Amino acid sequence: MNEYSLDFYTTLVAMVTVLLLGRFLLTRIKWLRDFDLPEPVVGGVFVCIAIFIAYRYFSIHIVFDEALKEPLMLAFFSSIGLSADFSSLKKGGRLLVLFLIVVVGLLILQNILGVGLSLLMGIDPLIGMLGGSITMSGGHGTGVAWADVFAKDQYGLTNAKEIALAAATFGLIMGGIIGGPVARYLIKHNRLVTPNAMLHNTPAESKQASNLRAELDSTQNTLAKVFEAPQKERLITTASFLESLALIATCLLVGTYITESSTPLLRDKLGINVPTFVWCLFCGITLRNVLAALKLHYVFDREVSVLGNVSLALFLALSFLIIKVWELVDIALPLITILIMQTIIMILYAVFVTFNFVGRDYDASVFAAGHCGFGLGATPTAMVNMQAITNHYGPSHAAFMIVPLVGAFFIDIVNLLIIQVFLLLPIFPQSS
């Protein structure tokens, strides 16, 4: 085996190349765009295949510098925390709380299914956790972050990163496939009145249509106030960029400090393993809301989002570069079984739980499509699912307001807490 080690700068060029390759492939291949696959995933999968071929058939093993991996991961989760505005809860109201309850139910079910199937098939239950809410609802970022934790001495799952990336990629694709058909089935099976059908109402439908029209008009008025004067968009400047960068850097500093200082108590004495990215995320939440409450500084959401998205893209690119696909061979069939069952459960949950819990109306069908998107993949997939439905049947302002809010932030917080609770089960290694 011929081994080639790349230094920091060469690795950085390789990471950017993965992203550029993903963008190139997306512009050239339509079906990849139809699934709304992210650039790091498209480029990363292609590079994974190339690295695997080089390893298996040409005895070439390329080793990349991993110095940037942890800082990029922590920066991404810090940006999620800094984007968390508690005042947003008031805007969503009762429907947001109901949808969040539905989401929590799925997170728990995904972990029960993943761990249960792992035990039945006689494989490590940590594989079931990685095939559960960690990657299904958490996506690539959360998946790789926990994979790093599971690969360490306490858990010892050496191929955790490969499992996480494979599961997250599968979920992302399936989330984009099932969302539209689920919503269309609900609309037709329940004969729902849609906004586009209101112009062709029968007398029997007139009352329901009238109520729906009034609700839409009210929502449109509210949204008009929220999004008025969109041309007055705040510019990203050097000064504002440095402010946002300072906030993220502070989260990284405080988060790593809390990890180092709390480990002797939490992990060594209480057996609770709290990864550094969790502390960085909660540091971001605290920092944003305390500064806003004291009127000292208001976080520039779009700028923080740019920093977070760039960090996540580079982090995923590096994760795909260092994945060892050949280590997945032994658990390929059990992992596929778990992922197929997760897809089936997601469809059933969206139809029988999400739809019924949030109203059994047209908006509820759009919620179900969105839930399929981030319940198996990511928030962008949820948005694409909902856009496909609303382009055909008409707008659903409630869904477009609440689904991104839950999918982009609240789900990560709740998911982290649920994962921690599951890892306390006696079937998983505990700190002595």
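Just above sits the structure.
Thresholds, definitions, all that
- Residues numbered from 1 in each chain as written.
- Predicted model: local features only at pLDDT ≥ 70, side-chain atom pairs only at ≥ 80, totals over all residues.
- Heavy atoms only, no water.
- Helix = DSSP H or I, 4+ residues; strand = E, 2+ residues; numbered from the N terminus.
- Buried < 20%, exposed > 50% of the residue type's maximum accessible area, 1.4 Å probe, protein only.
- Polar contact = N/O pair within 3.5 Å; in protein donor to acceptor, adjacent residues only side chain to side chain.
- Contact = heavy atoms within 4.5 Å.
- Salt bridge = Lys/Arg side-chain N within 4 Å of Asp/Glu carboxyl O.
- Axes fitted to C-alpha atoms, helices over the stretch in contact; angles between N-to-C directions.
- Parallel < 35°, antiparallel > 145°, perpendicular 65-115°, else oblique.
- Nonpolar A, V, L, I, M, F, W, Y, C, P; charged D, E, K, R; others polar.
- Core = buried A, V, L, I, M, F, W, Y, C linked by side-chain atoms within 4.5 Å.
- Phe/Tyr/Trp six-rings, centres within 6.5 Å; stacked < 30°, edge-to-face > 60°.

How should I be thinking about the side chain of Gln342 in this particular structure?
One can find Gln342 in helix α14 (residues 332–357). Assessed through its relative accessible area of 0%, Gln342 is described here as buried. There is a polar contact of 2.9 Å between the side chain of Gln342 and the backbone oxygen of Gln110. In contact with Gln342, not counting residues within four places along its chain, are Gln110, Leu113, Gly114, Gly131, Gly132, Met136 and Leu376.

Help me understand the pattern of salt bridges in this model?
Should their charged atoms come close, side chains of opposite charge can pair. Enumeration over the complete set of coordinates arrives at five salt bridges. Of the charged contacts, one joins Lys69 and Asp148 as a salt bridge, the two residues approaching to 3.4 Å between their closest N and O atoms. Placement of the pair is Lys69 in helix α4 (residues 69–82) and Asp148 in helix α8 (residues 139–150), with a sequence separation of 79 residues. Asp148 gets classed as buried once you look at its relative accessible area, which sits at 14%. Overlapping salt bridges bring together Glu66, Lys69, Asp148 and Lys161 as one network.

Which parts of the structure should I look at to understand the packing of helix α1 (residues 8–28) against helix α3 (residues 39–58)?
In helix packing, the relevant descriptors are the interaxial angle and the interaxial distance, both defined with respect to the helix axes. At their nearest, the axes of α1 and α3 sit 7 Å apart, and the two run at 100° to each other. With respect to each other, α1 and α3 are oriented roughly perpendicular. Packed against α1, whose contacting residues are Val18, Leu19, Leu21, Gly22, Arg23, Leu25 and Leu26, the element α3 presents Glu39, Pro40, Val42, Gly43, Gly44, Phe46 and Val47 at the interface. Its residues assigned to classes, the contact of α1 with α3 shows nine nonpolar, three polar and two charged.

I would appreciate a short explanation of the nonpolar core in the present structure.
Formed by 113 residues in total, the largest nonpolar core has its most connected members in Phe99, Met129, Trp146, Phe150, Phe277 and Leu423. The dominant element in this core, judged by the number of residues it contributes, is helix α17 (residues 397–422), at 13 residues. Counting residues in hydrophobic clusters, the runner-up holds 10 residues, among them Ala75, Leu247, Leu291 and Val299.

Would you mind going over the packing of aromatic side chains with me for this structure?
Across all of its chains, the model carries nine aromatic pairs by this definition. Measuring from ring centre to ring centre gives 3.7 Å for Tyr55 and Trp326, while their planes differ by 5°; the resulting arrangement is stacked. Placement of Tyr55 in helix α3 and of Trp326 in the loop between α13 (301–321) and α14 is noted, with a sequence separation of 271 residues between them. Ring centres of Phe77 and Phe277 lie 4.5 Å apart, and the angle between their planes is 35°; this geometry places the pair in the tilted category. Here Phe77, found in helix α4, pairs with Phe277, found in helix α12 (residues 276–293); they are 200 residues apart in sequence, far enough to count as distant. Phe277 carries the same exposure label as Phe77, and that label is buried. An aromatic cluster of at least three residues, connected via ring pairs, comprises Phe76, Phe77, Trp146, Phe150, Tyr155 and Phe277.

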